[in-house]
Amino acid sequence: MRVGVLTFHRCINYGSYWQARCLVEAIAARGHDAVLLDHHSREVTSREWRYAFQPLTPDRSSRADVAQYGRKLRKFVAAFRALPLSAPFDLDNPSAMPPVDLAVIGSDEVLNLSHPWYGGKPVFWGDGIAASRTVTYAASFGNYAADFVEPQWSERLRALDAISVRDDNSFGLVARALGREPAMVLDPVLLNPPQVQAVDEAPYVLVYGHHIPDWFAVRVSEAARARGLRTISVGYRNDWADEQRLDAGPQEFAALVAGAQAVATTYFHGCCFALANGKPLVCAPSDYRWTKVRDLTALLGAERHLTFEDRDPADVGALLAEPVSDAIQARIADLRAQSAAWLDAALAGRA
């Protein structure tokens, strides 16, 4: 079949890039002609790129950092061009979207009505898609915290042929909107982990996130020093880290995770990559991403890898030295098999 994946594939964000790539490659590996449905919007691109250069807003990036963020952005653009893309079309007027046999909406926060620039775009709810069937894979409402989905959006969900989600928040919202439960599946990074060559460097803890709480920064720094490890901040400036890799592209990010001794993050996909690579992991909550990391760790039985300010400070050091447990690895393997089975059924028209 010709299968089109509709997601946030042009975000200057490691997780967004890799979830899109991992999903389209998983579908292609099953023998289908899989492409990313290549939506464009000047407004979205403008906002995305402004954020890429100024991720620490309201603090302004220095001129030197802007240059590094520019190199990072160019690496992302080159990576986008290498993806299997459909003919381009307007995000807000998808009439030129090329037809496909099956459209797969997701993963990422495609259903997040409060997303700062993609929220409420009807195409991510199935409107205007030229496909014989439309399903979602690992779709998420992100941090959208309403108790219900408004009728106009519920009707769009009802029109989809099959729905799967990746987190409990999204599960509850869909179940309440439709009166039936969606399937729960893994994010594509855990379903079909990237195969990359790890960097060969002196041992380090990889730091991924921005606006990292001071208490977490202090504990990560102290734990790394106690073990004789450097801290490398990837993608965003964290002045407390020993080294900044602000210009890392998507492939470099994956290679840095693969080569790390441990990962300290506030990001959902920071957790996914660490777990997929079996790396010691510690994650601190952040306002925007708390719902996602809470639900991910609960799904995998990995709540132990979350830490909080009121915990014993030694907890961070213990987690940065603690391998991912066999129980978590087994849970990921079970969910990977279930997710693959659901995707197979969706591709075959049985989901």
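Described in the following lines is the structure provided in the data block. (Residues numbered from 1 in each chain as written. Predicted model: local features only at pLDDT ≥ 70, side-chain atom pairs only at ≥ 80, totals over all residues. Heavy atoms only, no water.)

Now for the environment of aspartate 239. Topologically, aspartate 239 is positioned in the loop between β10 (230–234) and β11 (243–245). With 75 residues separating them along the chain, aspartate 239 and serine 164 place their C-alpha atoms 39 Å apart. Here arginine 237 takes part through its side chain, which lies 2.8 Å from a polar atom of the side chain of aspartate 239. (Helix = DSSP H or I, 4+ residues; strand = E, 2+ residues; numbered from the N terminus. Polar contact = N/O pair within 3.5 Å; in protein donor to acceptor, adjacent residues only side chain to side chain.)

Here we come to the packing of aromatic side chains. In the structure shown here, the tally under the stated rule is 23 aromatic pairs. Here tryptophan 18 and phenylalanine 273 contribute two aromatic rings whose centre-to-centre distance is 6.3 Å and whose plane-to-plane angle is 70°, an arrangement assigned as edge-to-face. Here the residue tryptophan 18 occupies a position in helix α1 (residues 14–28), and phenylalanine 273 occupies one in helix α9 (residues 268–276), the gap between them amounting to 255 residues. Given a relative accessible area of 2%, phenylalanine 273 falls into the buried group. Members of the aromatic cluster, joined through ring pairs, are Tyr14, Tyr17, Trp18, Phe76, Phe80, Tyr208, Tyr236, Phe253, Tyr267 and Phe273. Note that arginine 156 overlies the ring of tryptophan 153, its terminal NZ or CZ placed 4.7 Å from the centroid. When the ring centre of tyrosine 267 is taken as origin, the NZ or CZ atom of arginine 289, which lies over that ring, is 3.8 Å away. (Phe/Tyr/Trp six-rings, centres within 6.5 Å; stacked < 30°, edge-to-face > 60°. Buried < 20%, exposed > 50% of the residue type's maximum accessible area, 1.4 Å probe, protein only. Lys NZ or Arg CZ within 6 Å of the ring centre and 35° of its normal.)

Most of helix α10 (residues 290–300) is tucked away: eight of the eleven residues are buried. Those residues of α10 hidden inside the fold are in contact with α5 (168–178), β8 (183–184), α6 (188–191), α9, β13 (281–283) and α12 (326–347). Positive backbone phi, at 70°, marks glycine 301, one or two positions downstream of α10. (Contact = heavy atoms within 4.5 Å.)

Buried residues dominate helix α8 (residues 250–259), accounting for eight of its ten residues. For α8, the complete set of buried residues consists of Pro250, Phe253, Ala254, Ala255, Leu256, Val257, Ala258 and Gly259.

With that settled, the discussion passes to the pattern of salt bridges. Tallying each qualifying case throughout the model produces 23 salt bridges. A salt bridge links arginine 30 to aspartate 344; the nearest nitrogen and oxygen atoms lie 2.5 Å apart. Residue arginine 30 is found in the loop between α1 and β2 (33–36), and its partner aspartate 344 is found in helix α12; the two are separated by 314 residues along the sequence. (Salt bridge = Lys/Arg side-chain N within 4 Å of Asp/Glu carboxyl O.)

Turning to the nonpolar core, a few remarks are in order. Ranked by internal contacts, the top residues of the largest apolar core, which has 70 residues, are Ile27, Val104, Tyr137, Leu206 and Leu300. For this core, the element with the most residues is α1, which contributes nine residues. Counting residues in hydrophobic clusters, the runner-up holds 34 residues, among them Leu113, Trp117, Val123 and Leu173. (Core = buried A, V, L, I, M, F, W, Y, C linked by side-chain atoms within 4.5 Å.)

Moving on, we get to the packing of α9 against α10. The interhelical angle for the contact between α9 and α10, taken along N-to-C directions, is 30°, at an axis separation of 9 Å. Classified by the angle between their axes, α9 and α10 sit roughly parallel to one another. Contacts between α9 and α10 pair Phe268, Cys271, Cys272 and Leu275 from the former with Lys292, Val293, Leu296 and Leu300 from the latter. Broken down by class, the residue content of the contact of α9 with α10 amounts to seven nonpolar, no polar and one charged. (Axes fitted to C-alpha atoms, helices over the stretch in contact; angles between N-to-C directions. Parallel < 35°, antiparallel > 145°, perpendicular 65-115°, else oblique. Nonpolar A, V, L, I, M, F, W, Y, C, P; charged D, E, K, R; others polar.)

Let us now look at the environment of glycine 259. Considering the arrangement of structural elements, one finds glycine 259 in helix α8. A relative accessible area of 16% places glycine 259 in the buried class. Along the sequence, glycine 259 and glutamine 197 sit 62 residues apart, while their C-alpha atoms lie 8.3 Å from each other. Setting aside its immediate chain neighbours within four residues, glycine 259 contacts Ala198, Val199, Tyr204 and Lys279.

Take the pairing of β10 next. When you tally the buried positions in β10, you get four out of five residues, the bulk of the element. Judged from the four bridges that link them, strand β9 (residues 204–208) and β10 form a sheet pairing that is parallel. In the sheet register, valine 207 faces β10, and the bridge partner there is serine 233. For the handedness criterion, the β-α-β arrangement of β9, helix α7 (residues 214–226) and β10 is classed as right-handed. Here β10 runs beside β11; their pairing, made up of three bridges, is parallel. Across the sheet, the residue bridging to isoleucine 232 is glutamate 243, located in β11. (Pairing = 2+ DSSP bridges. Right-handed = clockwise from strand over helix to strand, strands pointing away.)

This next bit is on the sheet that holds β13. Taken in spatial order, the five strands line up as β11-β10-β9-β12-β13 in an open sheet, and their pairing is parallel. Because the sheet does not close on itself, it has two edges, and the strands there are β11 and β13. When the angles between neighbouring strand axes are averaged without regard to direction, this sheet yields 20°.

Turning our attention to the state of the cysteines. By the definition in use, this model includes zero disulfides. Cysteine 271 takes part in no disulfide bond, and the closest cysteine sulfur to it belongs to cysteine 283, at a distance of 3.6 Å. Judged by its relative accessible area of 1%, cysteine 283 falls in the buried class. (Disulfide = S-S within 2.5 Å.)

The next subject is the packing of α1 against α8. Orientation of α1 relative to α8, taken along the N-to-C sense of each, is 95°, at an axis distance of 10 Å. It follows that α1 is roughly perpendicular to α8 by the angle criterion. The residues of α8 that touch α1, namely those facing Tyr14, Tyr17, Trp18 and Arg21, are Pro250, Gln251, Phe253 and Ala254. Taken together, the residues that form the contact of α1 with α8 break down as six nonpolar, one polar and one charged.

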